[in-house]
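Here are the chains, one letter per residue:
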Amino acid sequence: MVTIKKIGSAVVGIAVLIGAVGKFVPHWFMTMPFPLSIILWISTGHGMPPYFSTDAWKEDEIDTWTRDGDLVVATGAKSGTTFMLYCTHQIRTKGKDTDDELFPDVSIATPWPDLIQSRGGSWAEQKERYNTTILPDGRTMKEVWDHPSYPFRIFKSHFGPPELPVRKKGGKKIKYLAMVRNVLDVAASMTDFYSAHTDEFRNLWGGLPPDIPPDVRDADGFHLAMKDMLPGNSIEGIYWGYVKSWWPYRDDQNVLLLHYSDVRMDLKGNVAKIANFLEVYLSPSELDVVVDRCSMDHMRKVNKFHYFLPLNINAIWKNDIHHLVKSGKMVNKGHVGNGKDNFSPKVVAKFREAEEQMFGHDPALLKWAREGGEFPPVE
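The following paragraphs examine the structure supplied in this document. The shown structure was predicted, so the numbers you read here are calculated from the model rather than taken from an experiment. (Residues numbered from 1 in each chain as written. Predicted model: local features only at pLDDT ≥ 70, side-chain atom pairs only at ≥ 80, totals over all residues. Heavy atoms only, no water.)

1. With respect to the overall build of the protein
Okay, so step 1: Tallying secondary structure elements over the protein gives 17 helices and four strands in all.
Okay, so step 2: Relative to the globule expectation of 21 Å for 379 residues, the C-alpha radius of gyration of the protein, 22 Å, shows essentially globular dimensions.
Okay, so step 3: Across its three principal axes, the protein shows a C-alpha extent of roughly 85 × 55 × 40 Å.
Okay, so step 4: When each of the 379 residues of the protein is scored for burial, the buried share is 53%.
Okay, so step 5: Across the protein, contacts joining residues at least 24 apart in sequence account for 72% of those joining residues at least 6 apart.
Okay, so step 6: Accessible surface, the protein as shown: approximately 17300 Å² in total, 57% of it carbon and sulfur.
Okay, so step 7: Within the protein, the 47 negative side-chain charges are centred at a point lying 3 Å from the centre of the 45 positive side-chain charges. (Helix = DSSP H or I, 4+ residues; strand = E, 2+ residues; numbered from the N terminus. Rg over C-alpha atoms; globule rule 2.2 N^0.38 Å. Buried < 20%, exposed > 50% of the residue type's maximum accessible area, 1.4 Å probe, protein only. Contact = heavy atoms within 4.5 Å. Areas by Shrake-Rupley, 256 points an atom, 1.4 Å probe, with all protein chains shown as cover. Lys, Arg positive; Asp, Glu negative; His and termini not counted. Charge placed at Lys NZ, Arg CZ, Asp CG, Glu CD.)

2. Remarks on the pairing of strand β3 (residues 175-180)
Okay, so step 1: Among the six residues of β3, six are classified as buried, and the element is accordingly described as predominantly covered.
Okay, so step 2: A two-sided burial pattern is seen for β3, the buried positions comprising K175, L177 and M179 on one face and Y176, A178 and V180 on the other.
Okay, so step 3: Alignment of strand β1 (residues 71-73) against β3, held across three bridges, turns out to be parallel. Note that in β3 the partner of V72 across the bridge is Y176. (Pairing = 2+ DSSP bridges.)

3. Notes on the environment of W28
Okay, so step 1: With respect to the element layout, W28 can be found in the loop between α1 (2-24) and α2 (36-43).
Okay, so step 2: C-alpha separation for the pair W28 and G237, spaced 209 residues apart in sequence, amounts to 26 Å.

4. Some remarks on the pairing of strand β4 (residues 255-259)
If a strand is regular, its side chains alternate between the two faces of the sheet.
Okay, so step 1: The element β4 is largely enclosed, with a buried count of five among its five residues.
Okay, so step 2: Side-chain alternation along β4 places V255, L257 and H259 on one buried face and L256 and L258 on a second face that is also buried.
Okay, so step 3: Strand direction decides the pairing type here: β3 and β4, joined by five bridges, are parallel. In the sheet register, L177 faces β4, and the bridge partner there is L256.

5. Things to note about the state of the cysteines
Okay, so step 1: With the rule as written, the count across this model stands at one disulfide.
Okay, so step 2: Each sulfur in the disulfide pair C87 and C294 lies 2.2 Å from the other. Torsion about the S-S bond of the C87 and C294 cystine: about 95°, corresponding to right-handed handedness. Highlighted residues: C87 in helix α3 (residues 81-93) and C294 in the loop between α14 (284-293) and α15 (296-302), separated in sequence by 207 residues.
Okay, so step 3: Residue C87 is classed as buried on the basis of its relative accessible area, which comes to 0%. (Disulfide = S-S within 2.5 Å.)

6. Examining the side chain of T81
Okay, so step 1: Following the sequence through the fold, T81 ends up in helix α3.
Okay, so step 2: Accessibility expressed as a relative area gives 6% for T81, which makes it buried.
Okay, so step 3: At a separation of 3.3 Å, a polar atom in the side chain of T81 contacts the main-chain carbonyl oxygen of G76.
Okay, so step 4: Residues contacting T81, with those up to four places away along its chain left out, are V73, T75, G76, K156 and H158. (Polar contact = N/O pair within 3.5 Å; in protein donor to acceptor, adjacent residues only side chain to side chain.)

7. What to know about helix α8 (residues 183-196)
An α-helical turn contains 3.6 residues, so a residue and the one three or four places further along point in the same direction.
Okay, so step 1: With 14 residues, α8 ought to run about 20 Å at 1.5 Å a step, and its terminal C-alpha atoms sit 20 Å apart, in line with that.
Okay, so step 2: Of all the bends in α8, the greatest, near 25°, is centred on M190.
Okay, so step 3: Most of α8 sits out of view: 13 of its 14 residues are buried.
Okay, so step 4: Put simply, N182 is the residue that caps the front of α8, since its side-chain oxygen is 2.8 Å from the backbone nitrogen of L184. (Expected span 1.5 Å × (residues − 1). Bend = angle between axes of the 7 residues up to and from the residue.)

Purely spatial values, then, with no claim about function.
Following this line, the structure appears as structure tokens:
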């Protein structure tokens, strides 16, 4: 009986300790091996992934660091985010940044306020470092992302409304570019994405995301990333929640909602459409240059999409050499409609079932999410 009481007391003590760590220093969990690190993180009430935060976008915060005309490229995960960040940079420079001097890396030229760059960090503690951080070439980070020649600055996000205050009354006038992709194409891209992260980034965040090669599947053909995406699972919001959040905003004047398949199949027409949305006039010759620089072939040659973390202050992270993803992994083939070719019939059927479950109440949304094309106005 005494032994049972001692065990019970020990269990209670451990639970109290875990709760205290989760409340006051939850980043300590990130020093533990995966999956214990994430189990403890989630069990103490923290959201996933641990390096994302919505704090920068809160209504009482966003006006402190944005200005009129800023663009938020808020595309869905694995739906052309890096593509759109680089392409909108080409539009704002009219393709004249030929040597990419203003684009040393995607995370420097087009900052990502969602991303907490240090273990134990926060938006509040890293906010000022966007201005003061000195880059390896001697420039401040602000000299790059807030260059005086820009007609607008560009920021990255994977969030949608209401986390992004798209219809905020008063304050800065900000534009939002959102983009959706066919779910099977997203799932195909996600299978590569988990293993695309560097070991240094995993070490920073408790082994997340797990290093699971794309060809590691269960008996039904599911990769862990695909399972995680399905409704009811840990990252369902990155697709289903994202698409549904933007759909009611498709007619808002400060929103441009695109479909990845439309952009890939008519790059020139959509570059012109984006430029018009951003109020940038491109002459015919400038448009041709920008379209060429927005191509997958050109972006592969550039290869400035490592996602360095210049704001990181952890001793285990070396800002000049460590980065979030492995070289060359952020610009893939960009195929349209080929996702299903990577999957077993069971996987395809499961995702079709999920589409009906999540979008079936609105046939227009279901059709558009799958195929793109014109969408009906908001009623």
